[in-house]
Amino acid sequence: MKITVDADKCCAAGQCVLIAPEVFDQRDEDGVVVLLDAEPPADQHDAVREAAAICPAAVIEVQA
Amino acid sequence: MTTRPIAVVGASAAGLAAAEALRRFGWTGPLALIGDEPHLPYDRPPLSKQLLHGTWDPERLLLRTQEQLDPLGLDLRLGTRATGLDVAARTLTLDDGERLDCAGVIIATGVAARTLPGADALTGVHTLRTLDDALALRGRLAGGGRRLVVVGNGVLGCEAAAVARELGHEVTLVGQDPVPMAAAVGTAVGELLAEEHRARGVTLRTGVVDGFDTEGTTVSAVRLADGGGGGGVTRLAADTVLLAIGSTPAVGWLGDDPALDTTDGLRCDAYCAAAPGIYAAGDVARWEHPVHGRPLRIEHRMNATEQGMAAARNLLAELAADGADPQERRPFAPVPYFWSDQYDLKIQAYGPTAGADRVETPVLDRAGRRVLALYGREGRAVGVLAAGLPPRRIRALRAVVATPLPWEEARERIDAATATG
Ligand SMILES: Cc1cc2nc3c(=O)[nH]c(=O)nc-3n(C[C@H](O)[C@H](O)[C@H](O)COP(=O)(O)OP(=O)(O)OC[C@H]3O[C@@H](n4cnc5c(N)ncnc54)[C@H](O)[C@@H]3O)c2cc1C
Ligand code: SF4
């Protein structure tokens, strides 16, 4: 799995961090998403897919 | 026998989330996504922010590219309106005359902008709900006239006023309520926003629109009824008027089948079901929130996605109920979330803040533009709102209102959270 984020579009909702805290974080200044792990281990994949689906700004893209 | 399709009506945030979730949760049969706008599903929140501002182009708003949609194998029908639903037979009628006999239907038709009588015929009077609306307004603002009157001081009116100020327009924000966004967030937070708008040069007015003055077919002023019974009016000269006076759920196309309750949105049970095989999601859906114990209809972006996913899951569970591998339907019990951006202020809220009977502001630092507000209903804390606080602390607030706690207990938890900040 490979994750990319389009941080410019992030509205700092923080939903990704609630769902997959080992993969996503937010910048302290403005809450914009920080990708902690672009190629997370398999046990994170479901959470990452869920975060990508739920992100209200279509920021997170997941490849295979 | 060929499998009947599942049809999702409304190709925006909730409809797209539902369609994707249907595939993710295992629906391999035909799947129709029907939307009356000509565009691929796009995102609305940036319409009153980056798009209106001119910093983003329309392509940036697309929720998915065509390449991302392709693997879903959708029967995607854009520019197509659903015009009727036979609830018992689960048959949809489309405006091209086609009838679709469906296995299930998810209704995600959202809401439409309210307008005022006669406004549609006038040049210079706009609403803001769709991409086409936003581009038309952006074009009008770029056209030379500098005076904008925004009618309606809810979230949308406030955001548009902020952008227009940043673009250098003379902006008057008119509301029936003297405090902006008071219905959504209460007066304390509303006052803080009012100060911010005034400091940025927006003129705030209270009043009820009585009509428009025109030159030919172009608007030249907004008339406000003065009230007090004297019949007097005030005129606000305007080159452009934005009507941001709320919205109406798009349920008209459903007709008046007694199987559906369409008073203020489509009424659903806790599973987002409006009738057997018929589900709803997003701005159009009024469903029984199992934790809050009352029907809620939420016009916020996050809910559209979450409810689209929930409706998809529950529809599939219902369809599979007599099959080999039955799944339980799950009540939809989200912690509602919304945000609004005005100037460089970002407001974020968890839980239903509208309809509160009690509001307190444990943090209210006007100069520092920091606020934390707690919203209560019938003795329990149901919502929390924050601006100007670190993201970590805002996320932590969600837990405080995830299940409504007795007011005092929630207050203590908030105080503890703010003390360690
Ligand atoms: C300008 C603006 C700014 C916003 N900003 C924020 C924000 O900052 N934060 C936030 O939380 N929320 C915000 N929102 C709200 C958020 O965008 C909505 O909650 C969200 O779009 C709801 O999605 P939906 O899919 O339920 O409905 P909609 O987005 O309204 O989509 C419904 C779709 O169905 C189509 N349709 C209707 N009837 C039919 C029919 N009969 N047949 C076929 N298609 C039909 C409509 O044309 C539309 O395309 C904003 C909304 C607007 C308009
Ligand atoms: S969920 Fe999306 S919008 Fe929210 S912080 Fe994460 S990436 Fe940003």
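Right above here is the structure, for reference.
Keep in mind that this is a model prediction, so the values were computed, not measured.

Draft legend 1. The arrangement of the overall build of chain A in detail. The number of helices and strands found in chain A is two helices and four strands. In sequence order, chain A lays out its α and β elements as β-α-β-β-α-β. A globule of 64 residues ought to have a C-alpha radius of gyration of about 11 Å, and chain A, at 10 Å, matches this closely. Expressed along its principal axes, the backbone C-alpha trace of chain A runs to roughly 30 × 20 × 15 Å.

Draft legend 2. Fine view of the site of ligand 1. Residue and element names in this part refer to chain B. Near ligand 1 you find 34 residues, and of these D36, E37, R44, K49 and D283 are the closest. Note that an oxygen atom of ligand 1 is positioned 2.6 Å from one of the side-chain N or O atoms of E37. Out of a free accessible area of 1000 Å², ligand 1 has 94% covered by protein chains. Contributing elements (two or more residues each) for the shell around ligand 1: helix 1 (13-24), strand 2 (31-35), helix 5 (155-166), helix 7 (301-320) and strand 23 (337-342). Tallied by class, the residues present in the shell around ligand 1 amount to 15 nonpolar, nine polar and 10 charged. Two domains each donate at least three residues to the shell around ligand 1, and these are domain 1 (6-112 + 247-319) and domain 2 (125-243).

Draft legend 3. Seen up close, the packing of aromatic side chains. Residue and element names in this part refer to chain B. By the definition in use, this model includes three aromatic pairs over all chains. Aromatic pair W287 and F332: ring centres 5.1 Å apart, planes at 45 degrees, arrangement tilted. With W287 in strand 21 (residues 285-289) and F332 in the loop between helix 7 and strand 23, this residue pair connects regions lying 45 residues apart in the sequence. For W287, a relative accessible area of 0% translates into the label buried. With a centroid separation of 6.3 Å and an interplanar angle of 25 degrees, the aromatic rings of Y337 and W339 are classed as stacked. Judged by relative accessible area, W339 falls into the buried class, the value being 11%. Taken together, the ring pairs connect Y337, W339 and Y350 into an aromatic cluster. Above the ring of F25, the side-chain terminus of R24 is found at 5.5 Å from the ring centroid.

What counts, and at which threshold
- Residues numbered from 1 in each chain as written.
- Chains lettered and ligands numbered in written order.
- Predicted model: local features only at pLDDT ≥ 70, side-chain atom pairs only at ≥ 80, totals over all residues.
- Heavy atoms only, no water.
- Helix = DSSP H or I, 4+ residues; strand = E, 2+ residues; numbered from the N terminus.
- Rg over C-alpha atoms; globule rule 2.2 N^0.38 Å.
- Near = heavy atom within 4 Å.
- Polar contact = N/O pair within 3.5 Å; in protein donor to acceptor, adjacent residues only side chain to side chain.
- Areas by Shrake-Rupley, 256 points an atom, 1.4 Å probe, with all protein chains shown as cover.
- Nonpolar A, V, L, I, M, F, W, Y, C, P; charged D, E, K, R; others polar.
- Domains from an automatic or database assignment.
- Phe/Tyr/Trp six-rings, centres within 6.5 Å; stacked < 30°, edge-to-face > 60°.
- Buried < 20%, exposed > 50% of the residue type's maximum accessible area, 1.4 Å probe, protein only.
- Lys NZ or Arg CZ within 6 Å of the ring centre and 35° of its normal.

On their own, these measurements won't tell you what the molecule is for.
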